[in-house]
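Next come the chains, spelled out residue by residue.
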Amino acid sequence: MPPDEGHQTLLDTWPRASKFVLSAFAATVAELVTFPLDLTKTRLQIQGEAALKQRGDGGAAVPYRGMMRTAAGIVKEEGLFKLWQGATPAIYRHIVYSGVRMVAYEHLRDSTLGKRDDDSFPFWKSVVGGMTAGAIGQFFASPTDLVKVQMQMEGKRKLEGKPPRVRGVCHAFVTIMSKGGIWGLWAGWLQFVLLCISDLTTYDSVKHLLLRNTPVQDNTLCHTISSLCSGVVAATLGTPADVIKTRIMNQPRDKHGRGLLYKSSTDCLIQAIRGEGVMSLYKGFTPTWMRMAPWSLVFWLTYEQIRRLVGVRSF
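Source: prediction; values computed, not measured.

Engineer: Would you mind going over the packing of aromatic side chains with me for this structure?
Structural biologist: Given two aromatic rings, their pairing is described by the distance between the two centres and the angle made by the two planes. Enumeration according to the criterion identifies 12 aromatic pairs in this entry. For the ring pair Phe 299 and Trp 300, a centre distance of 5.1 Å and an interplane angle of 75° mean the geometry is edge-to-face. Per residue, the accessibility class of Phe 299 equals that of Trp 300, and both read buried. Cluster of aromatic residues (ring-pair linked, three or more members): Tyr 105, Phe 121, Tyr 203, Trp 295, Phe 299, Trp 300, Tyr 303 and Phe 315. Arg 93 extends its terminal NZ or CZ atom over the ring of Tyr 97, reaching a point 4.4 Å from the ring centre. Note that Arg 109 overlies the ring of Phe 315, its terminal NZ or CZ placed 4.6 Å from the centroid.

Engineer: Teacher, can you tell me more about the nonpolar core here?
Structural biologist: Counting 18 residues, the largest nonpolar core has Met 102, Tyr 105, Leu 200, Phe 299, Trp 300, Tyr 303 and Phe 315 as its most contacted members. At the level of elements, α2 (15–46), α5 (87–112), α9 (193–213) and α12 (285–310) are the ones that each hand at least two residues to this core. The element contributing the most residues to this core is α12, with 5 residues. Met 102 has contacts with Ser 23, Leu 200, Phe 299, Trp 300, Tyr 303 and Phe 315, leaving out every residue within four places of it along the chain. Among the nonpolar cores identified, the runner-up in size contains 11 residues, and Leu 146, Val 166, Ile 176 and Leu 185 belong to it.

Engineer: Can you walk me through a nonpolar patch on the surface in this structure?
Structural biologist: On the surface, Leu 32, Val 75, Leu 80, Phe 81 and Trp 84 cluster together to form a nonpolar patch covering roughly 500 Å² of accessible area. Its place among the elements puts Trp 84 in the loop between α4 (67–78) and α5. Trp 84 gets classed as partly exposed once you look at its relative accessible area, which sits at 34%.

Engineer: What should I look at first to understand helix α10 (residues 220–250) in this one?
Structural biologist: Note on helix geometry: an α-helix contains 3.6 residues per turn, so any two residues three or four positions apart are oriented the same way. With 31 residues, α10 extends only 38 Å from end C-alpha to end C-alpha; this falls clearly short of the ideal 45 Å at 1.5 Å per step. In α10, a bend of some 55° at Gly 238 exceeds every other bend along the element, and Pro 240, a proline, comes one to four places later. Where α10 starts, the residue carrying a side-chain oxygen 3.2 Å from the main-chain nitrogen of Leu 221 turns out to be Asn 219.

Engineer: Got a minute to help me understand the confidence of the model for the protein in this structure?
Structural biologist: When pLDDT drops low, the exact placement of atoms in the prediction is not to be read closely. The pLDDT averaged across the protein works out to 78; a share of 82% of its residues lies at or above 70. The model gives residues 1–9 a pLDDT under 50, and that stretch makes 5 contacts with residues more than four places away or in other chains.

Engineer: In this structure, what is going on with the packing of α10 against helix α11 (residues 265–276)? I would like to understand it.
Structural biologist: The packing of two helices is summarised by the inter-axis angle and the distance between the axes. Contact geometry of α10 with α11 gives a least axis separation of 10 Å together with a crossing angle of 110°. Comparing the axis directions of α10 and α11 gives the class roughly perpendicular. Here α10 contributes Ile 244, Arg 247 and Ile 248 to the contact with α11, which in turn contributes Ser 265, Cys 268, Leu 269, Ala 272 and Glu 276.

Engineer: Explain the pattern of salt bridges to me, please; I cannot follow it from the model alone.
Structural biologist: It is possible for side chains of opposite charge to pair when their charged atoms get near one another. A complete count under the given rule lists 11 salt bridges for this structure. Residues Arg 101 and Asp 199 are paired through a salt bridge, measuring 2.7 Å at the closest nitrogen-oxygen approach. With a gap of 98 residues between them, Arg 101 in helix α5 and Asp 199 in helix α9 connect regions that are remote in the sequence. This pair shows no difference in class: Arg 101 is buried, exactly as Asp 199 is. Among the ionic pairs, Lys 115 bridges to Asp 110, the shortest N-O distance being 3.7 Å. By relative accessible area, Lys 115 is classed as partly exposed at 24%. Through salt bridges with shared partners, one network takes in Lys 19, Glu 106, Arg 109, Asp 110, Lys 115, Asp 204, Arg 307 and Arg 313.

Engineer: Got a minute to help me understand α5 in this structure?
Structural biologist: The end-to-end C-alpha distance of α5 is 35 Å, a good match for the 38 Å that 26 residues give at a rise of 1.5 Å each. Count one or two residues on from α5 and you reach Gly 114, which has phi positive near 80°.

Engineer: Looking at this structure, I do not really get the side chain of Glu 31. What am I missing?
Structural biologist: In this fold, Glu 31 is placed in helix α2. Contact partners of Glu 31, with chain neighbours within four places excluded, come to Asp 38, Ala 90, Ile 91, His 94, Arg 291 and Trp 295.

What counts and what doesn't
Residues numbered from 1 in each chain as written. Predicted model: local features only at pLDDT ≥ 70, side-chain atom pairs only at ≥ 80, totals over all residues. Heavy atoms only, no water. Phe/Tyr/Trp six-rings, centres within 6.5 Å; stacked < 30°, edge-to-face > 60°. Buried < 20%, exposed > 50% of the residue type's maximum accessible area, 1.4 Å probe, protein only. Lys NZ or Arg CZ within 6 Å of the ring centre and 35° of its normal. Core = buried A, V, L, I, M, F, W, Y, C linked by side-chain atoms within 4.5 Å. Helix = DSSP H or I, 4+ residues; strand = E, 2+ residues; numbered from the N terminus. Contact = heavy atoms within 4.5 Å. Patch = residues over 30% accessible without salt bridge, like charges linked within 9 Å, V, L, I, M, F, W, Y side chains within 5 Å. Areas by Shrake-Rupley, 256 points an atom, 1.4 Å probe, with all protein chains shown as cover. Salt bridge = Lys/Arg side-chain N within 4 Å of Asp/Glu carboxyl O. Expected span 1.5 Å × (residues − 1). Bend = angle between axes of the 7 residues up to and from the residue. Polar contact = N/O pair within 3.5 Å; in protein donor to acceptor, adjacent residues only side chain to side chain. pLDDT = per-residue confidence, 0-100. Axes fitted to C-alpha atoms, helices over the stretch in contact; angles between N-to-C directions. Parallel < 35°, antiparallel > 145°, perpendicular 65-115°, else oblique.

Given below as structure tokens:
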């Protein structure tokens, strides 16, 4: 059923605001469905840090190994609902991040960078668009991402007998700013750009490749194939950067906001490889992939369907 005149007028008057709301809604649904896998991934990426072992902070033994045992351990030792610890800032993050990056990418694709005469979008432009939109979105959303990572680790700190760093979202923001200043909220934000590029670029490229070169129509099948490809590529290319980002965000800081474990992202990368091997950069790959695949599927299917329902053309 086509949307009524009121919807059309609203969308015509505020097209970017409307797309922001639609993408934020789709991202919230996807985040709630897949958040336990994100928590598991974060725990796997943090455990066994070489720097922690050198300091003697909980490095004597690794409590969980593998995704399922890690998730089971969290449920057994902390409770079922701890699988959603940090979900609130994660939702805040995706309202900002997904809303901004989707609107920015679509504007870059349709206006600034421009499509070809046949309505195709060159791959290199898609890469530039994905990188730019992802960087903008992550910059605005990075403070909530930092809070999410720290809240996800609170259950483990409690089991290790360590005092809590944060008691909630508001307290986390205040604590981080008191130690690192306002810019402390942006620790590790650049590491996320590669994940943004692979996600947006892959979905857009695969979808329009299918539409131009196969009998597949712009429907649920097309969106499913594109989103699954997006999840696989995003997990493969983005996991090393995500590991570094998580460790940078999770590390303790001195009163001046300087990291106590890593001087920079490069230092974190070098320490991880030297102390744990190259494959340490793929810690949490399975839950990352198992999260990115359903996350992309839920997000893109929801996003495409609600766009169609309210009268906005397909992405």
